[in-house]
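# Working through the structure, step by step
The primary structure of each chain is shown beneath.
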Amino acid sequence: MRHFTHLKDFTPAELDALVDEALALKARRAPSAALAGKSLAFCFMNPSLRTQVSFNVATHELGGHPLTLSLGSGGTWGMESVEGVVMDGAAAEHLKEAVPVLGRMVAALGLRSFPTGLSWEEDRQEKALAAFRKYSTVPVVNMESASGHPCQALADLMTIRERMKPAGKNFLLSWAPHIKALPMAVPNSSVEMASMAGMNVTIARPEGYDLDPEVMARVKANCDAAGTTLKVTDDVPGAFDGQHVVYGKSWGSITHYGKAPSDDPAFRKKWLITADKMRRTADALFMHCLPVRRNLVVSDEVLDGPWSVVVDEAENRLHTAKAVLLHLLSTQTAPTAATRRHAR
Ligand code: CP
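Residues numbered from 1 in each chain as written. Predicted model: local features only at pLDDT ≥ 70, side-chain atom pairs only at ≥ 80, totals over all residues. Heavy atoms only, no water.

### A word on the overall build of the protein chain
What counts here: Each helix is a run of H or I in the DSSP string that is no shorter than four residues. Each strand is a run of E no shorter than two, and both are numbered from the N terminus. Taken over C-alpha atoms, the radius of gyration is set against a globule rule of 2.2 Å times the number of residues to the power 0.38. In this scheme, a residue with accessible area under 20% of its type's maximum is buried, one over 50% is exposed, and one in between is partly exposed, where area comes from a 1.4 Å probe on protein chains only. Every residue pair with non-hydrogen atoms within 4.5 Å of one another is taken to be in contact. Working definition of accessibility: Shrake-Rupley area with a 1.4 Å probe, residue cover restricted to the visible protein chains. His residues and chain termini do not enter the charge count, which takes Lys and Arg as positive and Asp and Glu as negative. The atom standing in for a charge is NZ when the residue is Lys, CZ when it is Arg, CG when it is Asp and CD when it is Glu.
Along the backbone of the protein chain there are 13 helices and 11 strands. In terms of overall size, the protein chain behaves like a compact globule, its C-alpha atoms giving a radius of gyration of 20 Å where 344 residues would be expected to give roughly 20 Å. By principal-axis analysis of the C-alpha atoms, the protein chain measures approximately 55 × 50 × 35 Å. By the burial criterion, 54% of the 344 residues in the protein chain qualify as buried. When contacts within the protein chain are restricted to residue pairs at least 6 apart in sequence, long-range pairs at least 24 apart make up 80% of them. Carbon and sulfur atoms make up 53% of the accessible area of the protein chain, which totals about 14,400 Å². Here the protein chain contributes 38 positively and 37 negatively charged side chains, and the mean placements of these two sets differ by 4 Å.

This is the structure we're talking about:
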């Protein structure tokens with residue numbers, strides 16, 4: 001049994017095969033019976049628009065039955081993920097029972113579980129996702145955890161591949177202002193994806209906003225293996241020069257964990273992604289996972305301009321969700337391009 005929870009569990013060729021499958025599914029966009037008779041449960045501990053809708057529609061269009069469960073917010077019992085605790089708090093049920101119970105009824109599980117923002121050391125253990133992986137008898141999809149959003153990264157790779165061959169191109173992850181300390185899941189996964197795709201990776205961020213060292217070590221290893229470069233800088237707008245892809249995203253500081261970034265107007269102006277910065281690029285795509293706060297993270301002119309592919313990225317969440325589900329459930333369904341490639 002295979003899960004889709006971390007990019008590191010896949011090779012670049014396997015990610016490419018999943019994108020190949022998603023591109024084929026997008027081209028034909030025909031209803032299928034590949035998941036007929038199967039129910040899939042998508043469990044959310046946090047809000048979502050794209051992830052929730054894409055996995056629901058993907059399951060429906062593949063002939064299966066999707067269930068969306070809001071864990072602990074009125075939809076189901078509150079869930080405990082820590083082992084060995086006295087459960088005298090808000091959580092009425094432990095994932096140790098809930099996950100295997102769901103596994104007796106559904107063919108696959110998805111989980112969205114954000115960090116608490118209280119302790120990076122605690123959050124990076126991803127206890128809820130770890131419990132799903134440990135106790136599930138069916139494949140598990142990480143629909144965004146504390147440190148990774150592999151589904152978003154796969155859709156982003158597809159969006160890039162629709163417009164260019166990524167190998168050897170330049171990818172900039174540019175930190176952006178925000179009113180909250182946001183998770184590092186999307187930025188971690190975006191640079192891991194870009195490095196696996198053979199792109200030169202630049203991360204522009206203020207001092208104190210470095211990404212998870214374990215992720216950076218993998219990105220460095222991927223870049224070394226591909227013969228590409230990895231650069232971390234606080235030089236904006238200089239970092240935009242010559243870029244082919246600009247990925248805008250805010251994230252919280254590990255050093256000042258959970259603390260909102262500065263609201264100093266000069267600091268915000270420096271890091272806001274603007275058309276002037278985009279004009280320094282090599283006609284780059286502007287990417288963002290959404291939702292995005294206009295004119296705080298990125299200007300209207302960029303989002304509404306020719307650079308922006310953010311809605312395409314969101315659409316590609318649907319096609320890549322289908323590819324992932326077919327891949328995970330492929331022992332019971334027709335083999336996909338991805339699984340055919342794995343079999344070689
Ligand atoms: N990009 C993304 O995961 O969107 P949602 O949070 O709306 O699911």
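### Overview of the site of the ligand
The test is simple: In these notes, residues near a molecule or strand are those with any non-hydrogen atom within 4 Å of it. Nitrogen and oxygen atoms within 3.5 Å of one another constitute a polar contact, given that in protein one can donate a hydrogen and the other can accept it, and given that sequence-neighbouring residues count only through two side-chain atoms.
The environment of the ligand is made up of Ser48, Leu49, Arg50, Thr51, Arg112, His149, Gln152, Cys289, Leu290 and Arg317. Taking Ser48, its side chain carries an N or O atom lying 2.6 Å from an oxygen atom of the ligand. In this structure, Cys289 approaches the ligand through a main-chain N or O atom, which is 3.0 Å from a nitrogen atom. Protein contact buries 94% of the 250 Å² of open area that the ligand shows by itself.

### A word on helix α7 (residues 185-196)
Quick reminder of the rule: To estimate how far a helix should extend, the number of its residues minus one is multiplied by 1.5 Å.
Spanning 12 residues, α7 covers 16 Å between terminal C-alpha atoms, matching the ideal 16 Å at 1.5 Å per step. With 12 of its 12 residues buried, α7 lies for the most part within the structure. Those residues of α7 that fall on the buried side of the exposure criterion are Ala185, Val186, Pro187, Asn188, Ser189, Ser190, Val191, Glu192, Met193, Ala194, Ser195 and Met196.

### Observations regarding helix α2 (residues 50-61)
Across its 12 residues, α2 extends 16 Å between first and last C-alpha, which sits within 8% of the 16 Å expected from 1.5 Å per residue. Among the residues of α2, Arg50, Thr51, Ser54, Phe55, Asn56, Ala58, Thr59 and Glu61 are the ones counted as buried. In this structure, the buried side of α2 is in contact with β1 (39-44), β2 (65-70), β5 (108-112), β6 (140-142), α6 (150-161) and α12 (310-328). Gly63 lies just past α2 and shows a positive phi near 90 degrees.

### Concerning the environment of Leu303
Secondary-structure assignment places Leu303 in helix α11 (residues 300-303). Sequence-wise, Leu303 and Val292 are 11 residues apart; in three dimensions their C-alpha atoms are separated by 9.6 Å. Residues in contact with Leu303, not counting those within four places in the same chain, are Phe286, Val292, Arg294, Val298, Ser308 and Val310.

### Observations concerning the pairing of β5
Rules: Two strands are said to pair when DSSP picks up at least two bridges between them.
Summarising burial for β5: five of the five residues are buried, a large majority. Residues Ala108, Gly110 and Arg112 point to one face of β5 and Leu109 and Leu111 to the other, with burial holding for every one of them. As paired strands, β1 and β5 are joined by five bridges and run parallel to one another. What sits directly across from Cys43, in β5, is Leu111. Sheet topology places β5 next to β6; three bridges connect them, and they run parallel. Counted as the bridge partner of Leu111 is Asn142 from β6.

### Remarks on the sheet that holds β2
For clarity, the threshold we go by: All axes here are fitted lines through C-alpha atoms, helices being fitted over the stretch that makes contact, and every angle between N-to-C directions spans 0 to 180 degrees.
The parallel open sheet is built from four strands, whose spatial order is β2-β1-β5-β6. The strands lining the two open edges of the sheet, one partner per strand, are β2 and β6. Between one strand and the next, the sheet's axes are offset by a mean angle of 20 degrees, whatever the strand orientation. In the packing of α12 onto the sheet, the strands contacted are β1 and β6, and the crossing angle to β6 comes to about 150 degrees.

### Focus on the packing of α6 against α12
Keep this limit in mind: Roughly parallel covers angles under 35 degrees, roughly antiparallel covers those over 145, roughly perpendicular covers 65 to 115, and oblique covers all other angles. Each helix crossing is assigned a hand: it is left-handed if the near helix lies turned anticlockwise from the far helix by less than a right angle, otherwise right-handed if that turn is clockwise.
The geometry of α6 relative to α12 is characterised by a closest axis approach of 8 Å and an angle of 115 degrees between their N-to-C directions. In terms of orientation, α6 and α12 fall into the roughly perpendicular class. Judged by the sense of rotation from one axis to the other, the crossing of α6 with α12 is right-handed. For the pair formed by α6 and α12, the contact residues are Cys151, Gln152, Leu154, Ala155, Asp156, Met158 and Thr159 on the first element and Asp312, Glu313, Asn316, Arg317, His319, Thr320 and Val324 on the second.

### Looking at the pattern of salt bridges
The cut-off we apply is this: Put simply, a salt bridge is a Lys or Arg side-chain nitrogen that is within 4 Å of an Asp or Glu carboxyl oxygen.
One pass over the structure, following the stated rule, counts 24 salt bridges. The salt bridge involving Lys26 is made with Glu162; its shortest N-O contact spans 2.8 Å. Highlighted residues: Lys26 in helix α1 (residues 12-28) and Glu162 in the loop between α6 and β7 (170-175), separated in sequence by 136 residues. On the accessibility criterion, Lys26 (22% relative accessible area) is partly exposed. Among the ionic pairs, Arg218 bridges to Glu192, the shortest N-O distance being 2.7 Å. With Arg218 in helix α8 (residues 213-226) and Glu192 in helix α7, the pair connects residues that are 26 residues apart, well separated along the chain. By relative accessible area, Arg218 is classed as partly exposed at 25%. Glu192 gets classed as buried once you look at its relative accessible area, which sits at 5%.

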